[in-house]
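# Per-entry structural report
Here are the chains, one letter per residue:
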Amino acid sequence: MLDLISIEYIKLKNNSSFWIILVFYMLISFYVVGKADSLPAGSDVFANPLQFPMIWLTSTYCASFLVLFPSILIILNIGNEFKYKTAKQHVIDGLSKTTFILSKFISVCLIATIITIYVILLSLFLGWQSGGEIQDFFGEQFSFVTGFYIQLIGVLSFAFLIAILFKRTGISIVVFVGYYFIEVILYYLVFKDSPIRDYLPLEVFNSLTFSPIKDNLDSFSGLSIPEFKLSLNWFSAAIGAIYIAICLSLSILIFNRRDV
Amino acid sequence: MDTILKIDSLTKKYPSLFAVSQLSLSIDKGSVFGLLGPNGSGKTTTLGIILGVASATSGNFSWFGKKNSSSDRKKIGALLETPNFYSYLSAKSNLKISAKIKGIDLKDIDRVAEIVNLKDRLNDKFKTYSLGMKQRLAIASALLGNPEVLVLDEPTNGLDPQGIAEIRTVIQNISKMGVTIILASHALDEVEKVCSHVCVIKKGKSLIQGSVSDVLVGENLIEVACSEIEKLKEITTKFSGFKALKEENHYLLVTLKDSSSSIEFSKYLITNNIIISHFVKRTKSLEEFFLETTKDA
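So, about a nonpolar patch on the surface. On the surface, a nonpolar cluster with roughly 510 Å² of combined accessible area is contributed by Val184(A), Ile185(A), Tyr188(A), Leu189(A) and Val190(A). Tracing the backbone shows Ile185(A) in helix 8 (residues 169-190).

Structure representation (structure tokens):
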């Protein structure tokens, strides 16, 4: 297990596109989250979305918008294994096909962990700058960091599955982005009046982070804001975890059934 | 002798063809086994199956005389088709990855780099390597952890004569260390020079197999010429020990049955009033054998 982690680490550490995309993601998300207080719809109750504890909603919500970047990172990472035929070589060298997929899934977890830690640090920094109350640091709203983490792993797992399925980086990115549009069509047209639409994968993952904007808070449960304690919807988190398990299992199944 | 690899009626069917068809063979410990066949004859597919990257349609194989598991492959060093490395990583990092997969001490990297003569270039990126160096790095990777078996698929493909000579020296040295080597090649001289045993395959079928010396001297060949070639042909085909005949530029290449000797054939020609101008007994080169056997199949 430690060997597998260090293998993935060697591959990522020396990959310049990994660093470029990661730093790019970090800079943009810093900028976007930092600008959140200038959004027009800042609520009356939480005057500043950058203060504790609302910063946890703001940062995770904004950062989740940019999930395309780490998804491309995953697709490139998997695509490399096929491009350099190292997927094949790993199996020849003695990894079982299942272990290979699991070792690649370590990359998903590594990237999601790095980004989540970054978002936590970013939130602490911005929250501290906005002069929030220290005791509100890890309020219930902190649960959205968990939500964000699951969302990240979820979306990345989905990108992972597509990359395993299509092998080629370009095609995988097109399919991945294309699916966003497909789900929009499914959500707004096909399942318009059906509860199914709330269980579409990306919709489930999106529901794990939540906009701090007032309108959203109102619609969240119909309760008035002061009475409502905002925290992660753990049911959605569980559905998200199931989707992750499905993506991983399908990847293992596909890879095992195929000649590499 | 211990059997390293046993393949039993292995078949791989693609929608339109059989890449491997009912292939059976057995490889003994310590031998250098050549899998000889033209391009597209199923060599790489066969190796892919025994190395776990492709699945067989039917048939079995077993390494080291037991049930297969992926960890067995850690005892096998293999180079399949092309050297597969990350181009953006240094040679050393690439070898580190292989060593970690096989569970081998990283100290072994220097040893294998020494064997293939790449020690000075280990910290350079793989993409800066020449084709020959890439191939040598792949062999170095295969040698990590002193594997019991080395599987090499066309290891000299695309190399210049010097590169070919270097790789062959490496293979021969490894073989002397007692490592069993399975070598797939379309180059006859390579198999002839390096291998102790050979299996010739075409269209996925085994045409013949045995020790290289058996395959080489297995045929009873005579070059014969005279002024009346047509008459010679006619008479020769009536000889009791006659097996096959081929017309070369200025002579006939006659294959005799194993039971018959060149002396009998010579006597027979004389009694039939054939004045021979050229009579040479020779062993068939692997090349001729190869071309002939693969043509009919």
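Now that the structure has been shown, we can carry on.
Another point: the interface of chain B and chain A. Every contact between the two is made by 28 residues of chain B and, on the other side, 25 residues of chain A. Summed over both sides, the interface of chain B with chain A buries roughly 2500 Å², with 56% coming from carbon and sulfur. Here chain B and chain A share four salt bridges between them. Here chain B is connected to chain A by 15 residue pairs in polar contact (both at pLDDT 80 or more). At seven residues, helix 2 (residues 91-102) of chain B tops the list of elements feeding residues into the side of chain B that touches chain A.

Quick look at the confidence of the model for chain A now. Reading predicted coordinates in detail is not appropriate for stretches of low pLDDT. Averaged over all residues, the pLDDT of chain A is 86; the fraction at 70 or higher stands at 85%. pLDDT under 50 marks residues 221-229 of chain A. Its contacts with residues more than four places away, or in other chains, come to ten contacts.

Before going further, it helps to spend a moment on the environment of Phe126(B). Residues and elements named next belong to chain B. In this structure, Phe 126 sits in the loop between helix 3 (108-115) and helix 4 (131-143). Judged by its relative accessible area of 6%, Phe 126 is buried. Residues in contact with Phe 126, not counting those within four places in the same chain, are Pro 83, Phe 85, Tyr 86, Ser 87, Leu 89, Ser 90, Ala 91, Asn 94, Lys 134 and Leu 137.

What follows is about helix 6 (residues 97-129) of chain A. The first and last C-alpha atoms of helix 6 of chain A sit 48 Å apart over 33 residues, in line with the 48 Å expected at 1.5 Å per residue. Note on helix 6 of chain A: the residue one or two positions beyond its end, Gly131(A), has a positive phi of about 70°.

What follows covers the packing of helix 4 (residues 68-83) of chain A against helix 8 of chain A. Residues and elements named next belong to chain A. Their axes nearest at 9 Å, the elements helix 4 and helix 8 cross at an angle of 150°. For the pair helix 4 and helix 8, the sense of crossing is right-handed. Contact with helix 4, carried on its side by Leu 68, Ser 71, Ile 72, Ile 75, Leu 76 and Gly 79, involves Thr 169, Ser 172, Ile 173, Phe 176 and Val 177 of helix 8 and no other residues of that element. Residue composition of the contact of helix 4 with helix 8, grouped by class: seven nonpolar, four polar and no charged.

Once that is clear, we can look at the sheet that holds strand 10 (residues 220-226) of chain B. All names here are of chain B. Ordered by their spatial adjacency, four strands build an open sheet running 11-12-10-13, and the pairing between neighbours is antiparallel. Two strands close off the open sheet at either side, each with one partner strand: strand 11 (242-247) and strand 13 (276-282). Averaged over all neighbouring strand pairs, the angle between strand axes comes to 20°, with direction disregarded. Pairing between strand 11 and strand 12 (residues 252-256): five bridges, direction antiparallel. The residue bridging Phe 242 from the neighbouring strand is Leu 256, located in strand 12. Against the sheet, helix 8 (residues 229-237) engages strand 10, strand 11 and strand 12, with an angle of about 160° to strand 11. Helix 9 (residues 262-271) contacts strand 10, strand 12 and strand 13 of the sheet and is inclined by roughly 165° relative to strand 13.

Rules and cut-offs
- Residues numbered from 1 in each chain as written.
- Chains lettered and ligands numbered in written order.
- Predicted model: local features only at pLDDT ≥ 70, side-chain atom pairs only at ≥ 80, totals over all residues.
- Heavy atoms only, no water.
- Patch = residues over 30% accessible without salt bridge, like charges linked within 9 Å, V, L, I, M, F, W, Y side chains within 5 Å.
- Areas by Shrake-Rupley, 256 points an atom, 1.4 Å probe, with all protein chains shown as cover.
- Salt bridge = Lys/Arg side-chain N within 4 Å of Asp/Glu carboxyl O.
- Helix = DSSP H or I, 4+ residues; strand = E, 2+ residues; numbered from the N terminus.
- Contact = heavy atoms within 4.5 Å.
- Buried area = accessible area lost by both parts, 1.4 Å probe.
- Polar contact = N/O pair within 3.5 Å; in protein donor to acceptor, adjacent residues only side chain to side chain.
- pLDDT = per-residue confidence, 0-100.
- Buried < 20%, exposed > 50% of the residue type's maximum accessible area, 1.4 Å probe, protein only.
- Expected span 1.5 Å × (residues − 1).
- Axes fitted to C-alpha atoms, helices over the stretch in contact; angles between N-to-C directions.
- Left-handed = near helix turned anticlockwise from the far one by under 90°.
- Nonpolar A, V, L, I, M, F, W, Y, C, P; charged D, E, K, R; others polar.
- Pairing = 2+ DSSP bridges.

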